[in-house]
Protein chains: 2
Amino acid sequence: MCCFVGHNSFSVRSHTCGELRSTHVGEVVTLCGWIQYQRHGMFIILRDFSGLIQVLIPEDESRAKLKEFCDVPVESVVKVMGKVRRRPAGQENMNMPTGEIEVCAETVEVLNVCQKLPFEIKDFVKKTESLRMQYRYLDLRSSQMQYNLRLRSRLVMKMRDYLCNKHGFVDVETPTLFKRTPGGAKEFLVPSRDPGRFYSLPQSPQQFKQLLMVAGIDRYFQIARCYRDESSKPDRQPEFTQVDIEMSFVDQAGIQALIEGLVQHMWPDEKGSVSTPFPSMTYEEAMRDFGVDKPDTRFGMKLVNVSEVFDSTDVPFLRDTFRQPGGCVQAICVVNGAKHLKSKDLESIKQVALKTQYAEEVSVVVVKTDGTWKSPLGKMLPESVKQSVHQMTMAQPGDLLILAAGQQDVVRPLLGKLRLYCAELLEEKGVALRDPTAFHFLWVVDFPLFLPKKEEPGELESAHHPFTAPHPEDADRLFSEPHKVRSQHFDLVLNGCEIGGGSVRIHNASVQKFVLEKVLKEDSSLLSHLLEALASGAPPHGGIALGLDRLLSIIVGASSIRDVIAFPKSFRGHDLMSGAPSFVSKEELRPYHIDVKWPAAVEGTEQ
Amino acid sequence: MCCFVGHNSFSVRSHTCGELRSTHVGEVVTLCGWIQYQRHGMFIILRDFSGLIQVLIPEDESRAKLKEFCDVPVESVVKVMGKVRRRPAGQENMNMPTGEIEVCAETVEVLNVCQKLPFEIKDFVKKTESLRMQYRYLDLRSSQMQYNLRLRSRLVMKMRDYLCNKHGFVDVETPTLFKRTPGGAKEFLVPSRDPGRFYSLPQSPQQFKQLLMVAGIDRYFQIARCYRDESSKPDRQPEFTQVDIEMSFVDQAGIQALIEGLVQHMWPDEKGSVSTPFPSMTYEEAMRDFGVDKPDTRFGMKLVNVSEVFDSTDVPFLRDTFRQPGGCVQAICVVNGAKHLKSKDLESIKQVALKTQYAEEVSVVVVKTDGTWKSPLGKMLPESVKQSVHQMTMAQPGDLLILAAGQQDVVRPLLGKLRLYCAELLEEKGVALRDPTAFHFLWVVDFPLFLPKKEEPGELESAHHPFTAPHPEDADRLFSEPHKVRSQHFDLVLNGCEIGGGSVRIHNASVQKFVLEKVLKEDSSLLSHLLEALASGAPPHGGIALGLDRLLSIIVGASSIRDVIAFPKSFRGHDLMSGAPSFVSKEELRPYHIDVKWPAAVEGTEQ
């Protein structure tokens, strides 16, 4: 923090608590801070955001007056004026950056007395998360939360420097009171004073960023507040922040290079260095090797397709699998899995598989010291098959093999999930599988442009959003075989989490209209302003959005994005400090021409 | 713009159109841009954000193929590769920064064809504002709007640099889905999925910024999106942006010095320099001399209290005025007003006065060449009185005097309004009263802490907000004579517009409770989280919020804040491009447990 010029500018203090060193000995300083604790009725440990300092209440005639200072409750706010002096020999505290010195108080002013708090402001005091949320203003005093928020500010500033000062991007604020997008089921509504008319809080500035390209802004970015009404998903917030970027006259490689430079520029020194370019794999490769489109590449345990080995077996469920089109047998090898995992763990693996409803086709095989299989399957299969599986998966005695048979598009995600589950299990046992200080960035590219709708597999929906351009190699197929078209969408993955998604956009109005009307069967009139804009001299353009909360939570090693947000909502979307959302009187709803429709069970009790 | 390193980084272009100069002669360049116009079937003027460049379609064998390029409609997007060459002698255009050179095209690619547009993209083409709003993506192509948005981005970046890098402020994002504040009639509501419960979009991060001080963040800032449902006021937007700042351990002077430094640091070179410290006047002085709390100090025409002169007159309406407590006679002298203003103008001045319903007590007096008054009042008043008025107001022959009699708190705002109105009238006549390139910053300080409620003058309401601290000199009066207490609130005024308001806050829980409960008679339980925070070791703190949109509109000389916002709403709060706010089906309202209450007149027609 010492690189800042003016932490004390315009302030009534002369120094922060944490910045004092032996070089300050002899200086008269004015400090402001919180009483962390007191010792022996003569020392006060004073804290501010920058650290701790020991204040001595001297044993002289002024002691009587200063004495009462020692009776002020902890977390009270005080102002101390005094001289910095070296601590007496032997009393230094080398665990404390200011531990060589202390401030000998001359005057002390109590600025605010603190009441009894619901929890102590000590890093080692464990609090429930709901208590932390309710008293967020106390929770934020912890050194970890101070670090998280200050790092967030610092990294955002560096990103701005890179985009704005180094690459000519224009920071443009786009509206958050906007029009509901077609099918925007996750958009919060905001009633207006026009009867029946509502604004919508957008999930991203997607339309605006594209319109800004049509407007000739050329390079746009925004640290954008976005909204998503999706309380059911874990670790999601109703409002979140994305680093939103769009460029004209750029291709996919250009956007990727921009982001690699951005990450390198903003990366905090204390977290090591990041090398570029980031590795890249196709969606197909990611699904094939890791069973997921956001692979955690910090460890192996890749999926292996062992179908060919089982071609000739007559184990009934395997045979049935092969009869289906797309049927396969795949495996992952958990190295030393048999050594570390107990039968309780193996059972839990099966339970995880069970939840996907394909448990009957999953086998967990212990490869014993002699190379034989501990599994019902072991007896059904000839030795040659087992040997071939060993060869293909490189399984060794002491390993665990997980085999799954079924449709490829079911088997891959299932094994992808079990792979991550096994990694967690092993780490719980103390196996060092993933380096906690490693940051593995990865591009996943060549996503499909459309996917079959879950409810009606005969129809297609956008894999990401309807503005994504088709892959140039597949452009012609758009009109004949849209389901086979790859897109120019790409995801940025960090340690197995998707932290960003970008694409080259459709800039041609007729292509956009075709996608909306013919492929997606949507009412394009709801996007008529965008179609008209594309027909009005839209440049080729593309962009990306990075999830700032997620990215930061990974950098600081937080278990939840709530730990990098100053005032997050609870799992249920509530603000536990203020009680939002809260009840509103009929009177207050009148200007908006709305009425609450109480569910029968609630009626009459809650209002 | 040339200070940027990488306007072309990661791009398919090699240069921007506007950056080419004679130093580039001989270089092969790739440009991307919009066809501004064509000349003689052989020149194309290409435009991007940086400027214009002339592209020559050469008269050689490639001409035939390139010829079709000349038939592409204006505003189409093209990519040109060619060599920079000096224009033939005599063909240079010195009005064009790139006018010494041209690009001799070798290849041309049409990237997107433009349809017929609703208006031409030429700065001299006048468009109605509603057309500009409907096709905002075209309107933003104008050089003025490009300048406005790019300047906005640049100034915000400089403010961040000052706050973050120079003075250790932490950029913290605060929630916009929050709890309704007591009496928050202007807050938009956001229905949640919990029946009857609503979030509210806050008018400012006031509570959060104070809570961050309690949390020990020490120095907070945010370029914050704020919301206000107030469509009735002119030139207001439902969402707007403020530069939001809060500091611990600071006094009013400290905050003011911080802001003076901020303005100086961010101020654009092309707008001259700003000198600090800014002048300061008390609220009482501002009301006394200018009749308004945000005086435009770019010109004089101050209010003069001439009551003493009229003490002894027996003009009936003046006599009646003096009988009332607080009655007074005040004047402004419009220098050369009689010379420039016609009787039609004088009538319009009376009309403006009439709108305040005190017209019968306003006299507009022409001071004739011989020093006599052309006014009914002239005959009623003895010569000595008129002479005294001349002396006090320094009126000269050819001036206009406006006299108003009545209660001081009516007369002052009335004359304050007429003062501004007369300034506008004079400027319409071509009188150079206010320098359009001048920027007059002014602090207005020592506001009253409370004001009588308009509806119930016996009760008090906060002049600004209930968290404002009393003036230290008046602190004791808070408990005895709250209506006489001055506050530690201060406004920043620029050219007669309030562009910011700040204050030192109450940091003592019991003082805050007293203000809420005893003075304002409010239900303090709605702010229990804030009261509890103040009791939990709140540091003394204060802050300010600057209206970014307003500040920028004054800097660029725009008549409306809409000209410095990328996608503003119309006067009625509508987005004319997308049609927001829009109708939403009953289906879509169901998850939020609300129903539209159609006003009888609308029912059945609109849904």
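Residues numbered from 1 in each chain as written. Chains lettered and ligands numbered in written order. Predicted model: local features only at pLDDT ≥ 70, side-chain atom pairs only at ≥ 80, totals over all residues. Heavy atoms only, no water.

- An unreviewed UniProt entry lists chain A under the name Aspartyl-tRNA synthetase 2, mitochondrial, from Scleropages formosus.
- Turning to chain A, the UniProt record has this under Sequence similarities (unreviewed entry): "Belongs to the class-II aminoacyl-tRNA synthetase family. Type 1 subfamily." (UniProt positions renumbered as here; feature names shortened; annotations may be inferred.)

1. Quick word on the sheet that holds strand 12 (residues 304–305) of chain B
All names here are of chain B.
Part 1 of the argument: As summarised here, the arrangement of the five strands in space is 12-13-16-14-15, forming an open sheet in which the pairing is antiparallel. In this open sheet, the two strands that pair with only one neighbour each are strand 12 and strand 15 (373–374).
Part 2 of the argument: Sitting on the sheet, helix 14 (residues 408–428) is in contact with strand 13 (327–334), strand 14 (362–367) and strand 16 (400–407), with an inclination near 160° to strand 16. (Pairing = 2+ DSSP bridges. Helix = DSSP H or I, 4+ residues; strand = E, 2+ residues; numbered from the N terminus. Contact = heavy atoms within 4.5 Å. Axes fitted to C-alpha atoms, helices over the stretch in contact; angles between N-to-C directions.)

2. As for the packing of helix 7 (residues 283–290) of chain A against helix 14 (residues 408–428) of chain A
Residues and elements named next belong to chain A.
Part 1 of the argument: Their axes nearest at 8 Å, the elements helix 7 and helix 14 cross at an angle of 65°. Here helix 7 contributes Glu284, Met287, Arg288 and Phe290 to the contact with helix 14, which in turn contributes Arg412, Pro413, Gly416 and Arg419.
Part 2 of the argument: Of the residues assigned to the contact of helix 7 with helix 14, the class counts are three nonpolar, one polar and four charged. (Nonpolar A, V, L, I, M, F, W, Y, C, P; charged D, E, K, R; others polar.)

3. What about the relation of the copies chain B and chain A?
Part 1 of the argument: Turning chain B through 180° and shifting it by 0.0 Å along the axis lays it on chain A, with an RMSD of 0.0 Å. Such a combination of rotation and displacement between the chain copies is what one expects of a two-fold axis.
Part 2 of the argument: When the interface residues of chain B are mapped onto chain A, 100% of them are again interface residues, pointing to one common binding face. (Least-squares fit on C-alpha atoms with pLDDT ≥ 70 in both.)

4. Here's the deal with the packing of helix 4 (residues 143–166) of chain A against helix 6 (residues 252–266) of chain A
Residues and elements named next belong to chain A.
Part 1 of the argument: Viewed as axis vectors pointing N to C, helix 4 and helix 6 meet at an angle of 135°, and their least axial separation amounts to 8 Å. Overall, the two elements helix 4 and helix 6 adopt an arrangement that is oblique. As for how helix 4 packs across helix 6, the hand of that crossing is right-handed. Between helix 4 and helix 6, the residues in contact are Leu155, Lys158, Met159, Asp161, Tyr162, Leu163 and Lys166 and Ala257, Leu258, Gly261, Leu262, His265 and Met266, respectively.
Part 2 of the argument: Looking at the contact of helix 4 with helix 6, its residues break down into eight nonpolar, two polar and three charged. (Parallel < 35°, antiparallel > 145°, perpendicular 65-115°, else oblique. Left-handed = near helix turned anticlockwise from the far one by under 90°.)

5. Points about unusual backbone geometry
Residue and element names in this part refer to chain B.
Part 1 of the argument: Cis geometry marks the peptide bond from threonine 276 to proline 277; its omega dihedral reads -5°.
Part 2 of the argument: By secondary structure assignment, the location of proline 277 is in the loop between helix 6 (252–266) and strand 11 (280–282).
Part 3 of the argument: Looking along the chain, the bond that leaves alanine 580 and enters proline 581 is cis, with omega of -5°.
Part 4 of the argument: The phi dihedral of histidine 40 is positive, around 55°, even though this residue is not glycine.

6. As for the interface of chain B and chain A
Part 1 of the argument: Counting residues at the interface gives 131 residues for chain B, matched by 131 residues for chain A.
Part 2 of the argument: Together, the buried faces of chain B and chain A total about 11700 Å²; carbon and sulfur atoms form 57% of this surface.
Part 3 of the argument: In this assembly, chain B and chain A are joined by twelve salt bridges.
Part 4 of the argument: The salt bridge involving A:Arg572 is made with B:Asp194; its shortest N-O contact spans 3.2 Å.
Part 5 of the argument: Counting every contact that joins chain B to chain A gives 78 residue pairs in polar contact (both at pLDDT 80 or more).
Part 6 of the argument: Per element, the largest residue contribution to the side of chain B that touches chain A is 13 residues, and it comes from helix 4 (residues 143–166) of chain B.
Part 7 of the argument: Taken together, the residues of the side of chain B that touches chain A sort by class into 70 nonpolar, 32 polar and 29 charged.
Part 8 of the argument: Note: strand 24 (residues 594–596) of chain A against strand 24 (residues 594–596) of chain B, three bridges, orientation antiparallel. Residue pairing in the sheet places A:Ile594 in a bridge with B:Val596 of strand 24 of chain B. (Buried area = accessible area lost by both parts, 1.4 Å probe. Salt bridge = Lys/Arg side-chain N within 4 Å of Asp/Glu carboxyl O. Polar contact = N/O pair within 3.5 Å; in protein donor to acceptor, adjacent residues only side chain to side chain.)

7. Regarding the pairing of strand 4 (residues 77–86) of chain B
Residue and element names in this part refer to chain B.
Part 1 of the argument: Two elements, strand 1 (residues 28–39) and strand 4, share seven bridges in a ladder whose sense is antiparallel. Following the sheet pairing, threonine 30 is matched in strand 4 by methionine 81.
Part 2 of the argument: Bridge count for strand 4 against strand 5 (residues 101–112) is ten bridges, and the pairing is antiparallel. Its bridge partner being in strand 5, arginine 86 is matched across the sheet by isoleucine 101.

8. Considering the domain arrangement of chain A
Part 1 of the argument: When cut into domains, chain A gives domain 1 (17–112), domain 2 (146–282 + 440–564) and domain 3 (299–428).
Part 2 of the argument: Relative placement of domain 1 of chain A and domain 2 of chain A: their C-alpha centres are 51 Å apart. (Domains from an automatic or database assignment.)

9. Thoughts on the pattern of salt bridges
Part 1 of the argument: Counted under the stated rule, the structure contains 88 salt bridges over all chains.
Part 2 of the argument: Across the pair A:Arg85 and A:Glu102 runs a salt bridge whose closest N-O atoms are separated by 2.8 Å. Residue A:Arg85 is located in strand 4 (residues 77–86), and its partner A:Glu102 is located in strand 5 (residues 101–112); the two are separated by 17 residues in the primary sequence.
Part 3 of the argument: For A:Arg85, a relative accessible area of 34% translates into the label partly exposed.
Part 4 of the argument: One salt bridge connects B:Glu481 with B:Lys484, and the closest N-O pair in it is separated by 3.1 Å. (Buried < 20%, exposed > 50% of the residue type's maximum accessible area, 1.4 Å probe, protein only.)

10. Things to note about the packing of aromatic side chains
Part 1 of the argument: Per the counting criterion, the structure on display carries 27 aromatic pairs over all chains.
Part 2 of the argument: Consider the rings of A:Phe188 and B:Tyr199, whose centres lie 6.1 Å apart with planes at 90°: the pair is edge-to-face. Of the two residues, A:Phe188 is situated in strand 7 (residues 188–191) and B:Tyr199 in strand 8 (residues 197–201); the pairing between them involves two chains. The residues A:Phe188 and B:Tyr199 share a single accessibility class, namely buried.
Part 3 of the argument: Residues A:Phe583 and A:Trp598 carry aromatic rings whose centres are separated by 6.2 Å and whose planes lie at 35° to one another, so their mutual orientation is tilted. (Phe/Tyr/Trp six-rings, centres within 6.5 Å; stacked < 30°, edge-to-face > 60°.)

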